[in-house]
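Descriptive analysis of the structure
Single-letter residue listing:
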Amino acid sequence: MSIEYLGLSSINGPLIAIEGVQDAFFDEIVEFVVSGNERKLGRIVEIYEDKAVIQVFEGTDNMSLLNTHTRLTGHPMEISLSPDILGRTFNGIGQPIDDMGPITSNLKRDVNGLPLNPVTREYPRNYIRTGISAIDGLTTLIRGQKLPIFSGNGLPHDQLAAQIVKQASLGDDSDEEFAIVFAAMGVKHDVADFFRRTFEESGVADHVAMFLNLANDPVVERLITPKVALTAAEYLAFEQNMHILVILTDMTSFAEAMREVSSSKGEIPSRKGFPGYLYSELATIYERAGIVQGKNGSVTQLPILTMPNDDITHPIPDLTGYITEGQIVLDRGLHSQSIYPPINILPSLSRLMKDGIGEGYTRDDHQDLANQLFSAYAKVGEARNLASVIGEDELSPIDKKYLEFGKEFEERYIGQRLFENRSIETTLNLGWELLGKLPREELDRVNTKILDKYYVPAPVEE
Amino acid sequence: MYNNIGTIYGVNGPVIYLKGNTGFKMSEMVYVGKERLVGEVIALDKDLTTIQVYEETSGLRPGEEVIATGDAVSVTLAPGILNNIFDGIERPLERIAETGGAFITRGVSVDSLDRAKKWPTHLTVSVGDYLHGGTIIAEVPETRAIMHKCMVPPDVEGTVTSVVPDGEYTIDDVLVTIRLNTGETKELTMTQRWPIRVARPTQHRFSASIPLVTGQRIIDTMFPIAKGGTAAIPGGFGTGKTMTQHQIAKWSDADIIIYIGCGERGNEMTQVLEEFGELIDPKSGNPLMDRTTLIANTSNMPVAAREASIYTGLTLAEYYRDMGYDVAIMADSTSRWAEALRELSGRLEEMPAEEGFPAYLASRLSAFYERAGMMHNLNGTDGSVSIIGAVSPQGGDFSEPVTQNTKRFVRCFWGLDKSLAYSRHFPAIHWLTSYSEYLSDLAPWYQEHVSPKFVDYRNRIMALLNSESSLMEIVKLIGSDVLPDDQKLVLEIARVIRLGFLQQNAFHKDDTCVSMEKQFLMMDTILYLYEQSRALVAMGHPMSVLRAENIFDKVIAIKYDVPNDRPEMFAQYHQDIDAFYQRVLEKNA
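Position labels on residues start from 1 in each chain and follow its written sequence. The naming scheme follows written order: chains are lettered A onward, ligands numbered 1 onward. It should be noted that, the model being predicted, local features are given only for residues of pLDDT at least 70 and side-chain atom pairs only at 80 or more, the latter also being counted only at that level, while totals for whole chains, interfaces and linings use all residues.

A word on unusual backbone geometry
All names here are of chain A.
- Residue Asp 250 is bonded to the preceding Thr 249 through a cis peptide linkage, with omega at 5°.
- The amide bond that connects Tyr 340 to the next residue, Pro 341, takes the cis arrangement and shows omega of -10°.
- Relative to the assigned elements, Pro 341 resides in the loop between helix H8 (332–336) and strand E19 (349–350).
- Unusually for a residue other than glycine, Ser 35 sits at a positive phi of about 50°.
- Tracing the backbone shows Ser 35 in the loop between strand E4 (28–34) and strand E5 (38–48). The way it works is that DSSP assigns letters per residue, a run of H or I at least four long becomes a helix, a run of E at least two long becomes a strand, and they are numbered from the N terminus.

Some points on the confidence of the model for chain A
- On average, residues of chain A score 90 in pLDDT, and 97% of them are at 70 or above.
- Between the elements of chain A, mean pLDDT differs from a low of 84, seen in helix H2 (residues 157–170) of chain A, to a high of 96, seen in strand E13 (residues 149–151) of chain A. pLDDT: the predictor's confidence for each residue, scored from 0 to 100.

Re the environment of Gln 327 of chain A
Residues and elements named next belong to chain A.
- Relative to the helices and strands, Gln 327 is located in strand E18 (residues 326–329).
- As a C-alpha pair, Gln 327 and Phe 150 span 177 residues in sequence and 6.7 Å in three-dimensional space.
- Contact definition: two residues whose C-beta atoms, as placed from backbone geometry, lie within 7 Å. When near neighbours in sequence (up to four residues on either side) are disregarded, Gln 327 contacts Leu 147, Pro 148, Phe 150, Gly 321, Ser 348 and Leu 349.

A short note on the interface of chain A and chain B
- At the interface, 61 residues of chain A touch 60 residues of chain B.
- Looking at the side of chain A that touches chain B, the elements with two or more residues in it are E5, helix H6 (278–286), helix H7 (315–323) and helix H10 (366–390) of chain A.
- At eight residues, the largest contribution of residues to the side of chain A that touches chain B is made by H10 of chain A.
- Considering only residue class, the side of chain A that touches chain B consists of 33 nonpolar, 14 polar and 14 charged.
- Note: E5 of chain A against strand E1 (residues 5–12) of chain B, two bridges, orientation antiparallel. Bridging across to E1 of chain B, Ile 47 of chain A finds its partner in Val 11 of chain B. Side-chain classes follow a simple rule in which Ala, Val, Leu, Ile, Met, Phe, Trp, Tyr, Cys and Pro form the nonpolar group, Asp, Glu, Lys and Arg form the charged group, and the remainder, Gly included, forms the polar group. Note on pairing: DSSP must find at least two bridges between two strands before they are called paired.

Remarks on helix H13 (residues 516–538) of chain B
- Expected helix span is taken as 1.5 Å per residue step, with the number of steps being one fewer than the number of residues. Spanning 23 residues, H13 of chain B covers 33 Å between terminal C-alpha atoms, matching the ideal 33 Å at 1.5 Å per step.
- Residue Gly 540 of chain B follows H13 of chain B closely and has a positive phi angle near 100°.

This is the structure in structure tokens:
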């Protein structure tokens, strides 16, 4: 089975072509030996009769048309899996890089995964308390959800993700097993280090599997990293019955790697040079979150993506938003006012929230309160616009109240300290306290009964 | 048996190539490779046959066989379609789960419909009858809500030579034998097959005259859609497209709902399955799933099947229309379908037009929406197919090609607005960007069935909203305090309309679906309040005095305070408004 082919017919960026191969199949993994000592892996991305186009994960450096031996492996991209992957560090294609030896297991899985049948999915309903008011109160994270953080360069998305990991994993006394799969795609070394340190400090390091493709690692490897990580996550969740939180950072690098490879394949570009299948590719990653009926585990995804130029309509955040179940959007304006986490709640959303909160989950007033806070904060924006034209003094008394509400809301409700872990009660009560600054007539999103129960007008200051 | 065989020459994602002239036909269904993956012929050339594969192609190798089936990609039409969930090429997902487990494996071969189940059947023809295409030969209670009418396939006619007695039959049992005009005999079962890309024939089309009542005020009153009509719901992510589609699927007065989840989220389909199984249809008292079929091709399922899923749903809808039912299709989302076209077009290296979409995008969209309509069927019944397509414009920008081309072919446009969604005003259909061309077609129906004043009221509400928007331009510059009182009143009434009428709470038991009668009475009350307040303002009473009364908020709360079945409560509101009028007069006399 292991015929070796000597030589290549062409090399173009990360892609090589080879002729005369027998019995190769689409998506097969091939091994190269370059100059007799360097080993590389590649994947067949196009095949015509005996001519195969192969994408080389480690990059094509050092390869020449003559010095390369190619061997077909006879299987698609696979990784070895066992519960021992927790506490380990791997490179972007799932090979251990922590000097602790290979993963010994007979269990191998195709990293491409298979689509989860909608009828065997279980609709996610259990909320995860993150201890962050803006998330718990307004964009509640649900177990089995995919909720990306839309950020920009220089915004504290890593701190936010780390805080979620710390507080979501340790706040709960339940005996269910919790683990983290961390996949880095093209991130800087210090980002990877930051996460590693955070995991160690919060004592979860032995519950983390890290898959690292750093900024100077080969671009093509990045394309497979999230798939490898999610294959590991699915294994831990659905076969080892663990609750897995997957952090994927940075999805923008992943999409850009796809564009780079696509253009070297000579494909027809669609938006901003990205290939037409960007949506499908992103979907095969994001859709691998969820809960399967009859299994105890779950896969929750927290992808991080940096919006190029803070533009939410850029194809990457745009397509992501159409696939994921909401988004948490970070805002530069809030960040520059030193508000942490700088979550802009208006474009932020959690689609699964409505079924995971309320009586029996959090508290009966949660949904109404959240709607009212959203609506009131939207009015704050209108009042601010007006104030910027006619000046704050000319505003009507009610608009002034909104300005005051907006300021407190940003400072006290959205803003919190890096290690502050708020209970859901605290978050909800704080919401009512802030709404107390507004007259009762303004609260048009709340059911009268709930208003009677929770609304307390703020004492008038003299 | 017709069986052309070719061998694979090349593989590129979901597209494969065969060398040579294989004798395959365009749009023919083929089985690819050892695993017999389903595919369709999309281009033929003297030396090259191009096939799109509806399943993941990883593992295919050159040299494997491709077998032609002789038929175009078709769906099986028989009882068992309702209360079921299929993938994009009519494979039942529950069966796939039974055989393959939680994940969808490749090359699963399962029957579209249950072939073993025996249905209680009542035959409606007798020996000697002359049957045309479309004639109903038997009736089967498919679910508690829907009587399935088995029909003669459209292209068959002849005289009945034998009929089985009423009883229990499977979908493959012969029910009726007929002698064709050519002298041959043909056996008819409950089952028909029909190619998904061909519209089922009808006698003729009616113009729109009856609204599809959805129970959603902004739709029914402001921008109605007719039975047999087409509507588009464009909106960026998070603006509530799916929610709007769910609401219409739940509460509209169509007989049958075909819900196509085209390239959308898996959890959403699970939610529809769960929710519709529990919710009770207010008209029939049966679970909503009894009148619903789901086509689920989630975003991570193969892209070619996503392209087909729209047509599969449409063909199922036309089949039920032929029985005389009003069918509504929810297509969520047509943009994903257009993107599937783009993706495949890119693989075929076709010349791209706007934003990488193929040049035939517009003609495909028009062909799709034109299959909607209120029809006179071959068998003399009347039925309709209404299409409500969600559009997910890139970056929420309505000027992109899919939205623009869709706009050309639909007559109803419900534009969702980001700023409304951000302030959690739902449904976030914006009254200034939306329109409905059906308004004048449906006016006679409203006059006859709701009230002669209905259209006039609707137009007055619209006019108030329009003047609000032009007044807001001024307010944005100088604040609202400087406006004269009559204009302040317009703003106040527009607020009442926005909060009390346009905003609708899908999670409130009374507000989630509102009868036409209540919609009319709400408008009536709001406009009466406006008339009375305007009289007061004209007499020189300032707005601040009017606002001090809580009547405006009381009218806003009508949507929660008056249940659908208590229209008599509106009389009280008229009295309250009169009392308010008197109070203001007396206080300031």
